[in-house]
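Residue-level listing of the chains:
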Amino acid sequence: MANTIVRVGMASCGLASGADSVYEELSKVLVGDENTILKKVGCIGLCSYEPLVEVEIEGKRTIYGYMTPELAKELVGSSLQPTSVLKEKIIYSDEETRAPENNRMAKQVRIVLRNCGIIDPEKIDEAISRGAYEAFSKAVKEMSPDEVIDEVYRSGLRGRGGAGFPTGLKWKFTRQAKGEPKYVICNADEGDPGAFMDRSVLEGDPHAVIEGMAICAYAVGASHGYIYCRAEYPLAIKRLNIALDQARERGFLGDNVFGSGFNFDIEIKEGAGAFVCGEETALIASIEGKRGMPRPRPPFPAESGVWGKPTNINNVETYANVPWIIRHGASEFSRFGTEKSKGTKVFALAGKVAKGGLIEIPMGMPIREVIYDIGGGIADGKEIKAVQMGGPSGGCIPSWLLDTPVDYESITATGAIMGSGGMIVLDETSCVVDVAKFFLNFTQRESCGKCPFCRIGTKRMLEILERISNGEGKMEDLDLLYELALQVKEGSLCGLGQTAPNPVLTTLKYFREEYETHVKDKKCPAKVCPSLIRYTINTDLCIGCTRCARICPVGAISGKVKEPHEIDDAKCVRCGQCKQTCPVSAIFVD
Amino acid sequence: MLSTKQDDEQALQNIIETFRGKKGITISLLSKIQESYGYLPQEVLSKVAKELDIPEASLYGVATFYAMFRFKPLGKYTIKLCRGTACHVQGSLLIAQEVMRHLGISEGETTDDGLFTLELVACLGCCSLAPVMMVGEDVYGRLTPDRAVKVLDGYRTNKRGEGNNG
Ligand SMILES: Cc1cc2nc3c(=O)[nH]c(=O)nc-3n(C[C@H](O)[C@H](O)[C@H](O)COP(=O)(O)O)c2cc1C
Ligand code: SF4
Ligand code: SF4
Ligand code: FES
Ligand code: FES
């Protein structure tokens, strides 16, 4: 029996950082070693240290960061014990108490991510050895559908796709709805442009989602399931297909599951790149092969969903919680979190944070703790300005509200939303007008066009933001922007339009001064808005090294060797590269 | 990859048969065609519409709604430049602008030599390496405008992987 496992994180960021060459080297040098199993695993969560190698010896784990093929060879050469060079690369250890990321791991609770980064997602036996499909078996063999629904309801689980609707209640509605057959859908559209939580779960532990759907199908009385996954996630789709095949082979899917007479199978539907298709009614239209346009609710999908039949739709992360709840019990789950927000939430922590990555925290943790204790604070010791949560439907929570706990109600009270799990940290070099513009540009393009307020209102709002960031804004524009925002919120049919103004509203609320500086002083304090900044060379400091002139993409810099250089402002496109490249910091931006 | 001209009739016929008589197939059908041809050729759409008795207009209605579908062939390498939130706050717009300037194309276009097609996409799932772009299957992180251009030039001279921050 092999008692040593070596895992290499092979999710997208691992691959981008060269994990495959580390894996290759390990597989070369470990050849013939029967005591050691080498595994390709999904996101380990410590994304900023990629490539990552984890060594588990008799249950004790050590994680090495910034690995290279040479270091991998050294690791094997020392019988998987850290040499002095390797000691420096340890970022987490069950034994070494001072490893830099121990605290980060200790603060997290892994329910959804229980197997991510631990199992090889293409091998069902690895999932099963960690308890996969036990909950499903328990549900079908020992519990009635109503008991399953009751358990989920009592756990306090709420939808992780954004709105936070109680999952048990939704299941109950679908169970009670009249009409056959019933359907369950997994929403794997993950439209928030700064988020990759669902993708990491699908790629790292597809069986968790499949099992959650199967339990749901048993509970609501459905026989057919769809996973609506964006086509931009080819690896997730591949892994899902493998997992579905393996689950069918083992009899977890198909006819007469566990000899109980319960029939259920799942089909993958590919989304084709429209944000609005994450909205449930649009998603259903898209599954039916139509243009993904939302329709008014009620009727809710629970009553009339895909093909007009009762349909339960939940998010990836919501489903991934379910097997854990059935296995460990509602009360075990509701130990984590606050009164109204139970369990954990997965976040993709990114932006100007020192150590981003995929994290799972118990609900109720203050944002400050997430950013400082888990994320290691702000990169380069700069000042934090705000945290963006909820992507295009969410908002910016300013630094003075960082003690806000992460739960549905508290986040909503700030004007942002919990959202699906994007958490982007902004520092003093991020401009809030620019961020608002970024999201509005996104929603404006993604509006399906059905509602005039959403279609035209967001466009008008974007035009105003553009004026402001170009230094052509007037003070009246700020009021107009605010009014339009309220109108778009009121006058839109679906969540896209109803929430699209949130990034603008929250930044106006907390950072009105910064908007005013853009309008009145024609300045961008964060030095981001191109029309409001200007690059200049201080001729006293310039040593005439010509580096800036060589890197400038538009030839805006002139000067002779060893003589002061000059920027032609009319040509300059504000790319900022000259400033970065100047060896004596002679280039300034105002 | 199939071409519209040669003896790929049978392959197309196979695609048509897989979908005959099924409901809710439009998106899967279009993806299958795009997968096979690299884009949605007009003559193929007409033929499929006729054979499966779907109004051509409804095929186009669906195809134009979703960002994924293309009506022109792709270049040899598809550049997927991330314009997700994390990449945006790390300056991805400047990189997009520089790449466009350098290649002389804008979003969705292909260079005259057929080498590159530029797509702006949302989150590629490696936000901690922001700003990020993919060229074909290779991912490049922690880009600066200058490095992005060097990476692309690497493909021109067939030295792929140049500048990969391994
Ligand atoms: C514009 C828009 C986009 C959405 N995108 C997603 C998405 O990408 N993923 C998701 O799970 N829910 C998304 N939702 C929420 C869904 O409509 C729905 O509420 C959710 O899938 C329900 O699952 P839950 O109860 O498990 O959260 C979106 C909603 C709107 C209005
Ligand atoms: S609110 Fe916007 S996206 Fe939603 S239905 Fe109306 S136009 Fe379409
Ligand atoms: S900011 Fe960019 S475009 Fe402007 S002078 Fe510097 S290098 Fe040239
Ligand atoms: S994707 Fe590599 S650790 Fe997260
Ligand atoms: S936002 Fe660019 S990789 Fe996530």
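Everything discussed here concerns the structure shown above.
Counting restarts for each chain: residues are numbered from 1 in the order of the written sequence. Labels are handed out in written order, letters beginning with A for the chains and numbers beginning with 1 for the ligands. Where totals are concerned, whole chains, interfaces and linings use all residues; where local detail is concerned, this predicted model gives features only for residues with pLDDT of at least 70, and gives and counts side-chain atom pairs only at 80 or more. Side-chain numbers here rest on the full set of heavy atoms in the structure, without hydrogens or water.

Please give an account of the nonpolar core that cites residues and values.
Counting 121 residues, the largest nonpolar core has Trp171(A) and Tyr515(A) as its most contacted members. Two residues form a contact once any of their heavy atoms are found within 4.5 Å. Leaving out residues up to four positions away in the same chain, Tyr515(A) has contacts with Val432(A), Val433(A), Ala436(A), Leu465(A), Ile468(A), Leu478(A), Leu481(A), Val504(A), Thr507(A) and Leu508(A). One finds Ile313(A), Phe442(A), Val44(B) and Phe69(B) within the second-largest nonpolar core, a separate group that totals 45 residues. Definition of nonpolar core: a set of buried residues of the types Ala, Val, Leu, Ile, Met, Phe, Trp, Tyr and Cys, connected through side-chain atoms within 4.5 Å. For every residue, the accessible area obtained with a 1.4 Å probe (protein chains only) is divided by the maximum for its type, and the residue is called buried under 20%, exposed over 50%, and partly exposed between those limits.

Give me the lowdown on the site of ligand 1, citing residues and values where you can.
All names here are of chain A. The nearness test applies per residue and asks whether one of its heavy atoms lies within 4 Å of the molecule or strand. Of all residues adjacent to ligand 1, which total 18 residues, the nearest are Gly 161, Lys 170, Asn 314, Asn 315 and Thr 318. Pairs of N or O atoms within 3.5 Å make up the polar contacts considered here, provided that, within protein, one atom can donate a hydrogen while the other can accept it, and that residues adjacent in sequence are counted only when both atoms are side-chain atoms. One of the backbone nitrogen or oxygen atoms of Glu 280 is found 3.0 Å away from an oxygen atom of ligand 1. At 3 residues, strand 10 (residues 311-315) tops the list of elements feeding residues into the shell around ligand 1. In DSSP terms, a helix is any run of H or I states spanning at least four residues, a strand is any run of E spanning at least two, and both are numbered starting from the N terminus.

Which residues make up the interface of chain B and chain A, and what values go with them?
On the side of chain A, 50 residues touch chain B, which itself brings 40 residues to the contact. Buried surface at the junction of chain B and chain A, both sides included, amounts to about 3500 Å², of which 59% is carbon and sulfur. When a carboxyl oxygen of Asp or Glu lies within 4 Å of a side-chain nitrogen of Lys or Arg, that pair is called a salt bridge. Remark: the boundary between chain B and chain A carries 1 salt bridge. Glu107(B) is paired through a salt bridge with Arg445(A); the nearest N and O atoms lie 3.2 Å apart. There are 14 residue pairs in polar contact (both at pLDDT 80 or more) connecting chain B and chain A. Here the buried area means the combined drop in accessible surface, using a 1.4 Å probe, for two parts upon being joined, counting both sides.

Could you give an account of the environment of Lys527(A), with specific residues and numbers?
Residues and elements named next belong to chain A. Along the chain, Lys 527 turns up in the loop between helix 23 (512-521) and strand 16 (535-537). The spatial distance from the C-alpha of Lys 527 to the C-alpha of Asp 590 is 7.0 Å, given a sequence separation of 63 residues. Setting aside its immediate chain neighbours within four residues, Lys 527 contacts Ile 533, Val 589 and Asp 590.

Describe the sheet that holds strand 15 (residues 422-427) of chain A, naming the residues involved and giving the relevant values.
All names here are of chain A. Strand pairing follows a simple DSSP-based rule, namely that at least 2 bridges must link the two strands. The mixed open sheet is built from 5 strands, whose spatial order is 12-11-15-13-14. The sheet terminates laterally at strand 12 (357-362) and strand 14 (395-398), the two strands that pair on one side only. Strand after strand, the sheet turns through a mean of 30 degrees between neighbouring axes, direction not considered. Where strand 13 (residues 384-389) and strand 14 come together, 4 bridges link them in antiparallel fashion. Considered in strand 14, the bridge of Ala 386 is made with Pro 398. Throughout, an axis means a line fitted to C-alpha atoms (over the contacting stretch in the case of helices), and angles, computed between N-to-C directions, take values from 0 to 180 degrees. Strands strand 11 (344-351), strand 12 and strand 15 of the sheet are contacted by helix 10 (residues 197-204), whose axis makes an angle of about 115 degrees with strand 11.

Got a sec to walk through the environment of Ala500(A)? Specific residues and values, please.
Following the sequence through the fold, Ala500(A) ends up in the loop between helix 21 (495-499) and helix 22 (502-510). Excluding its chain neighbours within four sequence positions, the residues that come into contact with Ala500(A) are Pro392(A), Leu440(A), Thr443(A), Thr458(A) and Gly495(A).

Let's hear about the site of ligand 2: which residues, and what values?
In the vicinity of ligand 2 there are 13 residues, among which Cys448(A), Lys450(A), Cys451(A), Cys454(A) and Cys494(A) approach most closely. Residue classes in the shell around ligand 2 are distributed as 8 nonpolar, 4 polar and 1 charged. Just so you know the grouping, Ala, Val, Leu, Ile, Met, Phe, Trp, Tyr, Cys and Pro go in nonpolar, Asp, Glu, Lys and Arg go in charged, and all remaining residues, Gly too, go in polar.

I'd like to hear about the packing of aromatic side chains, residue by residue, with values.
Ring pairs shown here join Phe, Tyr and Trp side chains whose ring centres sit within 6.5 Å, with only the six-membered ring taken for Trp; geometry is labelled stacked below 30 degrees between planes, edge-to-face above 60, and tilted in between. Taken as a whole, this structure holds 18 aromatic pairs over all chains when the rule is applied. Between Tyr60(B) and Phe71(B), the ring centres sit 5.8 Å apart and the planes meet at 15 degrees, which makes this aromatic pair stacked. Taken as a pair, Tyr60(B) in helix 4 (residues 56-65) and Phe71(B) in the loop between helix 4 and strand 1 (77-82) lie far apart in primary sequence, 11 residues in all. On the basis of relative accessible area, Tyr60(B) is assigned to the partly exposed category, the value being 24%. The partly exposed category is assigned to Phe71(B), whose relative accessible area is 35%. Three or more aromatic residues link up through ring pairs in this structure, and these residues are Tyr133(A), Phe136(A), Tyr218(A), Phe252(A), Phe258(A), Phe262(A) and Phe264(A). Any Lys NZ or Arg CZ found within 6 Å of a ring centre and within 35 degrees of that ring's normal is scored as a charge over the ring. Against the face of Tyr233(A) rests Arg199(A), its NZ or CZ located 5.0 Å from the ring centre.

Before we move on, can you summarise the packing of helix 18 (residues 432-446) of chain A against helix 19 (residues 452-469) of chain A with the specific residues and values?
Residue and element names in this part refer to chain A. Contact pair helix 18 / helix 19: the axes reach a minimum separation of 9 Å and the direction vectors enclose 150 degrees. Classified by the angle between their axes, helix 18 and helix 19 sit roughly antiparallel to one another. At the point where helix 18 passes helix 19, the crossing takes the left-handed sense. On helix 19, the residues touching Val 433, Ala 436, Lys 437, Leu 440, Asn 441 and Gln 444 of helix 18 are Thr 458, Lys 459, Met 461, Leu 462, Leu 465, Glu 466, Ile 468 and Ser 469. Across the contact of helix 18 with helix 19, the residue classes break down as 7 nonpolar, 4 polar and 3 charged. When an angle is under 35 degrees it counts as roughly parallel; over 145 it counts as roughly antiparallel; between 65 and 115 it counts as roughly perpendicular; any other value is oblique. Whether a crossing is left-handed or right-handed is set by the direction in which the near helix is turned from the far one by less than a right angle, anticlockwise for left-handed and clockwise for right-handed.

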